Amino acid sequence: MAARSVSPGGALLRASRMFALPTPIPAPSNEASAGTNYSSNTATLAFPTHQVITTLSSSRKKGDWGLKRPLPLKSTTKSSNPMLRVKAIDTIEQITDYTSATDHGITLRKFQELGMPLTARRPAGGEQTDSTSTMNLPQKSVFEDELDVTDIHPDKRAQAIDTRWKFSGPWLAGQTQGEFKKWLAKEVRPKRSAFREFLKKNIARELHAAAAKVAVDKGQDQPALIDPSSVTEDQLIDYLRKLRHNNQALYDMVGQFLDLAPLKPPTVGQLGLPKENLSTLEFREMKNPYAERGPPVTHPSAGLSYLRTSMYMENHPIYGPQRQHSPAVARIVRPRRQTQALAARLGVAGLIVNTPLGDTASNSIRTGAVYDRIDPSVEGGAKVWVQPQRASIDSNGRVILTVNDSSPEATLVAQELLGDATCLGVQPAEGQMYQREKASDIRQRYRAPDAPTMSSAQDYGLRRQ
Amino acid sequence: MSCRQWLSSALRQCQAGLAQQQPRAFSTSAPVAARHIFGDNNNNNNSNNNNRRARSNANEDLYGLVATGLQRGGPLSAEEQRQVMEQQHTPRAYVRDLRNNATTENYMRQMPRRWKTGDVYAPRDLSPREMRKWRQPKRPNRDIVDMLGFSPLDNYRNFSLISEFMTPMGRIEHSSKTGLRPVNQRKMAKAIRRAIGMGLHPSVHKHPEILRLGRHGVPSSAIPMASDPSQNRL
């Protein structure tokens, strides 16, 4: 009887578009905020901020998108993909603010066609994304239990630091000096007394642990728990002095208190300190995959794919199970310019990807010419076949796709499916069988004298000729 | 014989010069022209023939010289004729590369966006209308001084910083260009005035050290500065 607890009007409201549209998420940090002055405010964002809505074709003809008022037919019925994003259901000018959402909607469809699981093991994104030594390391699905933990008891958050991806505190390595100063003044400074209380709790716990150990050694009863309020100021100051000389312990305490995202220990070059100071520092290795580039702004799958593995085989109806997944066509969005040290950029499924590393077609002199130039005589632009290998979400919410050269056999099979090539030199009979009849063929057929133009009673055997 | 060799080499140079001039004659925005540039030999032969007819006077003189040379030295053998024809009609590999390169450069100038890994693009993002927006630098919408948390007044000796906030004519950039909020704009202007007043920075143009490094292709952001001891990283 739980369903009846909502009134009919309430149920109608809950099922309406108005309530189903979520509030938009913050837009990704664009180039303008990254410090460069070259940007476009109308470029497609790296991830969608508004929900994409669609409607049935019969409703679309009437302008019915489930919104407050019907949308204009002129701008909503021409696209073959009914996808809109509603910026405002109603404005003060009494219009519905909407735009086309095919950019992200089709990109999502194209991405899901690739059949890629999203992985997290090594950090994704950044300028130096990969090297030939790290590119073939095994990956792990973002849905594995050891990486995807969100329901953690607040007291056990510190223990689960290697498995979490969501932190309430900032990732300090991603802050600029100004942001860090502001954060210190606004967020950290008011929490000083709370931090002292936190330290007192720690002191009490450590004192209790030490006393319990002594008691166990002497065979006595366990001592009672120490009340944090009984820790004196002198004990606290002594403890603080000890902490100051142990950088890792101090960072653990601060990080636990502020729930900071884990940091990768800096290298000697990054520290830039003289050697005598270096010897006093010690760092613990961080196992969290997000320690190097920062935790992601979304769930590390971003809801793009719920596949857990790519260890499955694709089956071809004639050739049987395929060794490789079906390759994808990549557009050469920007050719390589060696004089300006610009690498080539490929576009796979609407996402910009890097050319593959290692001994691949793009890096060889014999086959790499297509990556070096724009040939305007090629209709639709230069394209190459690539094999998508890995997908992950970087800390800014971008999809980082890694591709490799596709094998010639897989390319041929994929091209045959598109009708662009023939395998084994055999013309496919199925293609001819299912070939769609053109309008001119139909006209030709009907023009033939022996076939009647209209069906008559004779055709149904009702009247003899 | 030696005279004929000299003439044929002169002819070759003349042809090479013609071939290098060709890309200018083509409009690289039209795919038809591109087919000429990248296309098969037939097209190139035709264009070469056309060009030969519309040659300049100097080239005609050279051809006349060749003709007279041929008369003097007797007719060319079949093999020599074939070589001369080949040199005339087949663009060499490097010439073709140069043309391809020029065309690519021209197209790249129309596509100023520096794509980053993970960018999402729709067909509209590749359109000229959208690409035009990436060409002109825009006013930074975040205050760089606040972002980096430094005091402009402490940096009056940092000539690469001072030069960034000055025009090439030595005037202080307006806040509509620098994107600084009024407080920081005043501080930056004061740092510039101080640097000029102390004679540390020229008042008419960029710092000569920046000009020197710019001649060597080093961006001013790459000039190493002595690290500030007050900014201890620990």
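Conventions we followed
- Sequence order as written defines residue numbering, which begins from 1 separately in each chain.
- Ligands are numbered from 1 and chains lettered from A, in the order in which they are written.
- Whole-chain, interface and lining totals are the exception, using all residues; otherwise, since this is a predicted model, local features are given only for residues with pLDDT of at least 70 and side-chain atom pairs are given and counted only at 80 or more.
- Hydrogens are left out, water is left out, and the side-chain values use all remaining heavy atoms of the structure.
- Each helix corresponds to a stretch of at least 4 residues labelled H or I by DSSP, and each strand to a stretch of at least 2 residues labelled E; elements are numbered beginning at the N terminus.
- Only protein chains enter the area calculation, which uses a 1.4 Å probe; residues under 20% of their type maximum are buried, those over 50% are exposed, and those in between are partly exposed.
- The contact criterion used is simple: two residues touch if any of their non-hydrogen atoms lie within 4.5 Å.
- All accessible-area figures derive from a Shrake-Rupley calculation using a 1.4 Å probe, and residue coverage is judged against the displayed protein chains alone.
- In the sections that follow, a salt bridge refers to a side-chain nitrogen of Lys or Arg positioned within 4 Å of a carboxyl oxygen of Asp or Glu.
- Inter-axis angles, ranging from 0 to 180 degrees, are taken between N-to-C directions of lines fitted to C-alpha atoms, where helices are fitted over the stretch in contact.
- Note on terminology: angles under 35 degrees are roughly parallel, angles over 145 are roughly antiparallel, angles of 65 to 115 are roughly perpendicular, and the others are oblique.
- Geometry of aromatic contacts follows a simple scheme: Phe, Tyr and Trp rings, the Trp one being its six-membered ring, pair when their centres are within 6.5 Å, and the pair is stacked under 30 degrees between planes, edge-to-face over 60, tilted otherwise.
- Strands pair, by our definition, only if DSSP identifies at least two bridges between them.
- Simply put, the buried area is the total loss of 1.4 Å probe accessible area from both parts when two parts are fitted together.
- Residues adjacent in sequence count toward polar contacts only when both atoms are side-chain atoms; beyond that, a polar contact is any pair of N or O atoms within 3.5 Å, and within protein one must be able to donate a hydrogen and the other to accept it.
- In this count, Pro and Cys sit with the nonpolar residues alongside Ala, Val, Leu, Ile, Met, Phe, Trp and Tyr, while Asp, Glu, Lys and Arg are called charged and the others, Gly among them, polar.
- For our purposes a nonpolar core is just a set of buried Ala, Val, Leu, Ile, Met, Phe, Trp, Tyr and Cys residues, chained together by side-chain atoms within 4.5 Å.
- Within this analysis, patches are made of residues with over 30% relative accessible area and no salt bridge. Like charges are joined at 9 Å or less; nonpolar side chains (Val, Leu, Ile, Met, Phe, Trp, Tyr) at 5 Å or less.

Regarding its fold elements, chain A presents 14 helices and 10 strands. A burial count over chain A gives 35% of its 465 residues as buried. Long-range contacts, defined as pairs at least 24 residues apart, comprise 57% of the intrachain contacts of chain A with a sequence gap of at least 6. Here chain A has roughly 29900 Å² of accessible surface; of this, 54% comes from carbon and sulfur atoms.

Here the focus is the overall build of chain B. Per the secondary structure count, chain B includes 12 helices and 0 strands. Listing the helices and strands of chain B from first to last along the sequence gives α-α-α-α-α-α-α-α-α-α-α-α. Looking at chain B residue by residue over its 234 residues, the buried ones come to 34%. Within chain B, contacts between residues at least 6 apart in sequence are counted, and of these 65% link residues at least 24 apart. If you sum the accessible surface of chain B, you get close to 14800 Å²; carbon and sulfur atoms cover 53% of it.

Any two side chains of opposite charge can pair, on the condition that their charged atoms come close. A full pass over the atoms with the stated rule returns 18 salt bridges over all chains. Residue E233 of chain A is joined to R196 of chain A by a salt bridge in which the shortest nitrogen-to-oxygen separation is 3.2 Å. Here R196 of chain A lies in helix α7 (residues 192–218) and E233 of chain A lies in helix α8 (residues 233–244), a separation of 37 residues in the sequence. Classification of E233 of chain A by relative accessible area gives partly exposed; the value is 39%. The salt bridge involving R124 of chain B is made with E130 of chain B; its shortest N-O contact spans 3.4 Å. The class of R124 of chain B is partly exposed, set by a relative accessible area of 38%. E130 of chain B sits in the buried class, given a relative accessible area of 4%.

Moving on: the packing of α7 of chain A against α8 of chain A. Residue and element names in this part refer to chain A. The N-to-C vectors of α7 and α8 enclose an angle of 90°; their axes lie 10 Å apart at closest approach. As summarised for this structure, α7 and α8 are arranged roughly perpendicular, according to the angle between their axes. On α8, the residues that touch R196, L199, K200, N202, I203, E206 and L207 of α7 are E233, Q235, L236, Y239, L240 and L243.

On to the packing of aromatic side chains, then. All names here are of chain A. By the definition in use, this model includes 6 aromatic pairs over all chains. The interplanar angle of 35° and the centroid separation of 6.0 Å between the aromatic rings of F180 and W183 together place this pair among those described as tilted. Separated by 3 residues within a single helix, F180 and W183 lie in helix α6 (residues 177–188), roughly one turn from each other. Relative accessible area serves as the criterion here: at 28%, F180 is assigned to the partly exposed category. A centroid spacing of 6.0 Å and a plane angle of 20° characterise the contact between F195 and F198, whose relative ring orientation is stacked.

A word on the sheet that holds strand β3 (residues 97–100) of chain A. All names here are of chain A. Ordered in space as β1-β2-β3, the 3 strands form an open sheet in which the pairing is antiparallel. Single-partner strands in this sheet number two, and they are β1 (52–53) and β3. Here strand β2 (residues 84–88) pairs with β3 via 4 bridges, running antiparallel. From the neighbouring strand, A88 faces β3, where its bridge partner is D97.

Residue and element names in this part refer to chain A. Taken in spatial order, the 5 strands of this open sheet run β8-β7-β6-β9-β10, and their pairing is antiparallel. Because the sheet does not close on itself, it has two edges, and the strands there are β8 (351–354) and β10 (399–405). Between one strand and the next, the sheet's axes are offset by a mean angle of 55°, whatever the strand orientation. The pairing of strand β9 (residues 383–393) with β10 spans 7 bridges and is classified as antiparallel. Bridge pairing links S392 to I400 in β10.

Now for the interface of chain A and chain B. The parts lose accessible area when they come together, and the size of an interface is often stated as this lost area. Taken together, the 50 residues of chain A in the interface contact 42 residues of chain B. Approximately 4200 Å² of surface area, both sides summed, lies buried where chain A meets chain B, with 55% of it carried by carbon and sulfur atoms. Counting across the chain A and chain B interface gives 3 salt bridges. Two residues, E179 of chain A and R142 of chain B, come together in a salt bridge whose shortest N-O distance is 3.0 Å. Our count for the contact surface shared by chain A and chain B stands at 20 residue pairs in polar contact (both at pLDDT 80 or more). Listed by contribution, the elements that provide at least two residues to the side of chain A that touches chain B are α5 (102–114), α6, α10 (268–271), β6 (328–334), β7 (345–348), β8 and β10 of chain A. When grouped by side-chain class, the residues that make up the side of chain A that touches chain B number 19 nonpolar, 19 polar and 12 charged.

This paragraph deals with the pairing of β2 of chain A. As judged from the 2 bridges shared by β1 of chain A and β2 of chain A, these two strands associate in the antiparallel manner. Along β2 of chain A, the bridge assignment pairs V52 of chain A with R85 of chain A.

Residue and element names in this part refer to chain A. Residues F111, L114, L346, V348 and L401 are the most contacted members of the largest nonpolar core, which totals 30 residues. Those elements that place two or more of their residues in this core are α5, β6, β7, β8, β9 and β10. Per element, the largest residue contribution to this core is 4 residues, and it comes from β9. Setting aside residues up to four positions removed in sequence, L114 forms contacts with A328, V348, A349, P388 and L401.

Residues and elements named next belong to chain A. Within the secondary structure layout, W171 lies in the loop between α5 and α6. Considering only alpha carbons, one finds W171 and P295, 124 residues apart in sequence, at a separation of 7.3 Å. Aside from chain neighbours lying at most four places away, what touches W171 is A261, P262, L263, Y290, A291, E292, R293, G294 and P295. Among the polar contacts made by the side chain of W171, one reaches the main-chain carbonyl oxygen of P262 at a distance of 3.1 Å.

On the surface, a nonpolar cluster with roughly 320 Å² of combined accessible area is contributed by L13, M18 and F19 of chain A. Within the secondary structure layout, F19 of chain A lies in helix α2 (residues 17–20).

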